[in-house]
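Commentary on secondary and tertiary structure
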There are 2 protein chains.
Amino acid sequence: MTYCVGLLLDAGIVLLSDTRTNAGVDNISTYRKMFTFEQPGERVISIMTAGSLSVTQTAIARLTEAAEGDGPSILEAASMLEVAEIIGKTLSDVSREVSQKMSGQAQSAKASMIVAGQRRGGAMRLFLIYPEGNFIEATPDTPYMQIGEHKYGKPLIDRVVTPQTSLDDAQKAVLLSMDSTLRSNLSVGMPLDLVVIEADTCRVSISRRIEADDETFHAMSAAWSNALRDAFSAITV
Amino acid sequence: MTYCVGLLLDAGIVLLSDTRTNAGVDNISTYRKMFTFEQPGERVISIMTAGSLSVTQTAIARLTEAAEGDGPSILEAASMLEVAEIIGKTLSDVSREVSQKMSGQAQSAKASMIVAGQRRGGAMRLFLIYPEGNFIEATPDTPYMQIGEHKYGKPLIDRVVTPQTSLDDAQKAVLLSMDSTLRSNLSVGMPLDLVVIEADTCRVSISRRIEADDETFHAMSAAWSNALRDAFSAITV
């Protein structure tokens, strides 16, 4: 499985993905699930993927080829809405093709994506793209999207994230949300990929891989565990 | 859906269930999912249910009839293991019967249960019974069982519960675990049923229904939210 979470805040966009893929529990690999297309200052688009790896890899490869050559490119789309439409169509096309190959096994190959970005003069936007290619968009009422194993890390996001959350706090929130997921579900694993896009810069401000031995992450995780236990002790029934 | 959680501690057993059942999101009802069979001082057995209501109601009704009349009764079983076996067989029998009735709709009716208790002279035990009637048992390494929407409330339990946890802290842990679930998932709802069985008493020590307007629960929930936000603020990345 996977856990990816994206926040759309007044101050910018914060995205975090894990890197674990698995076919069963005995075939675990590390694959990047965060992909960024950027013309710094002009437009920036980040995509996070969940689901069948054969579908997401092919879809990202097609989007990359189109961006470098002919065909409808997300780097030339007139709006973030058009970006979401191109990605949705690519995703559903690939999914249908792969599913047809697998139809003998009565299986289907599905994947979903979170797409976020901004083009110069436009608004920052954050979409969740479903396997069928349709999509929904984050709003101030629900300023986040999750794909994959979303349940473990949702209570924290629900409690602390609003559109006014600062970019520092937002990074903390997604990392702690991921930490809860990592602890409770083996199918989500380190390393992590973090991307921060400051509002109206149309470029990636921070792009960071957090390795399994990252001391800062582990210190934060331990501090959060201790803080949770202290908070738990302080509550009276 | 449902959320039920049971803890097996050195000091006793703590069980908490919600009461929401739904067929779709537009047909929501309140049904008790906590059932206790007790001969105070001799034996106590509590059952929590998740899954198809037609299956769990019939299974509980059959277990109750057997306890009051003929047939293999969980109140006469020689051990908690035999209790789990009787309940497992009843559950799988009912599930198979109901599924046969529904086979025209290509649906199946499944349910699972948590069973906990003690008989005089025996050990306290906590089982999770699968729809097929097989079961697993809690151990000191994993002293809890969950059924239904277990993911939201798992990180807290993972972090704070050990076999040495006191009964007071254990009640707090299951209530806060439930609180996280209630906030993030509409299919789990108030009121709640809480049961505490002190070790070696073979009787229910506390049986409490927590209504939707319970002030203590809401105060605890608010205090936990505040404590979480404070803990979150105190963490540095």
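Residues numbered from 1 in each chain as written. Chains lettered and ligands numbered in written order. Predicted model: local features only at pLDDT ≥ 70, side-chain atom pairs only at ≥ 80, totals over all residues. Heavy atoms only, no water.

Focus on the environment of B:Met102
Residue and element names in this part refer to chain B.
- The residue Met-102 is located in the loop between helix H2 (80–101) and strand S7 (111–119) in this model.
- Its relative accessible area of 22% is what places Met-102 among the partly exposed residues.
- Setting aside its immediate chain neighbours within four residues, Met-102 contacts Gln-107 and Ala-109. (Helix = DSSP H or I, 4+ residues; strand = E, 2+ residues; numbered from the N terminus. Buried < 20%, exposed > 50% of the residue type's maximum accessible area, 1.4 Å probe, protein only. Contact = heavy atoms within 4.5 Å.)

Quick look at the interface of chain B and chain A
- Facing 34 residues of chain B, the contacting portion of chain A comprises 34 residues.
- For the pair chain B and chain A, the two sides together bury roughly 3,200 Å², of which 69% comes from carbon and sulfur.
- Linking B:Lys151 and A:Glu149 is a salt bridge whose minimum nitrogen-to-oxygen distance equals 2.9 Å.
- Scanning the region where chain B abuts chain A turns up 14 residue pairs in polar contact (both at pLDDT 80 or more).
- Where the side of chain B that touches chain A is concerned, the elements lending two or more residues are helix H3 (154–160), helix H4 (167–184) and helix H5 (215–234) of chain B.
- At 11 residues, H5(B) tops the list of elements feeding residues into the side of chain B that touches chain A.
- Its residues assigned to classes, the side of chain B that touches chain A shows 16 nonpolar, seven polar and 11 charged. (Buried area = accessible area lost by both parts, 1.4 Å probe. Salt bridge = Lys/Arg side-chain N within 4 Å of Asp/Glu carboxyl O. Polar contact = N/O pair within 3.5 Å; in protein donor to acceptor, adjacent residues only side chain to side chain. Nonpolar A, V, L, I, M, F, W, Y, C, P; charged D, E, K, R; others polar.)

Remarks on the sheet that holds strand S8 (residues 125–129) of chain B
All names here are of chain B.
- Ordered in space as S5-S6-S7-S8-S9, the five strands form an open sheet in which the pairing is antiparallel. Looking at the sheet topology across the chains shown, the edges are occupied by strand S5 (34–39) and strand S9 (135–137). Across this sheet, the average inter-strand angle for adjacent strands is 20 degrees, counted without regard to direction.
- Here S7 pairs with S8 via five bridges, running antiparallel. (Pairing = 2+ DSSP bridges. Axes fitted to C-alpha atoms, helices over the stretch in contact; angles between N-to-C directions.)

Comments concerning empty space enclosed by the protein
- Taken as a whole and assessed by the stated rule, the structure comprises two cavities of 30 Å³ or more.
- Estimated volume of the largest cavity: approximately 190 Å³.
- Lining of the largest cavity is provided by 15 residues; of these, A:Pro155, A:Ser180, A:Leu228, B:Pro155 and B:Ser180 occupy positions nearest its centre.
- Listing elements by their share of the lining of the largest cavity, those giving two or more residues are helix H3 (154–160) and helix H5 (215–234) of chain A together with H3 and H5 of chain B. (1 Å grid on protein atoms, 1.4 Å probe; cavity = no way out; pocket = protein on both sides within 12 Å on 5 of 7 lines; lining within 4 Å. Points joined across faces, edges and corners; volume = space filled by probe spheres on them.)

Thoughts on the environment of A:Gln107
All names here are of chain A.
- For Gln-107, the position within the fold is in the loop between helix H2 (80–102) and strand S7 (111–119).
- Look at Gln-107 and you get partly exposed, because its relative accessible area is 48%.
- The residues touching Gln-107, leaving out its near neighbours within four places in the chain, are Ser-99 and Met-102.

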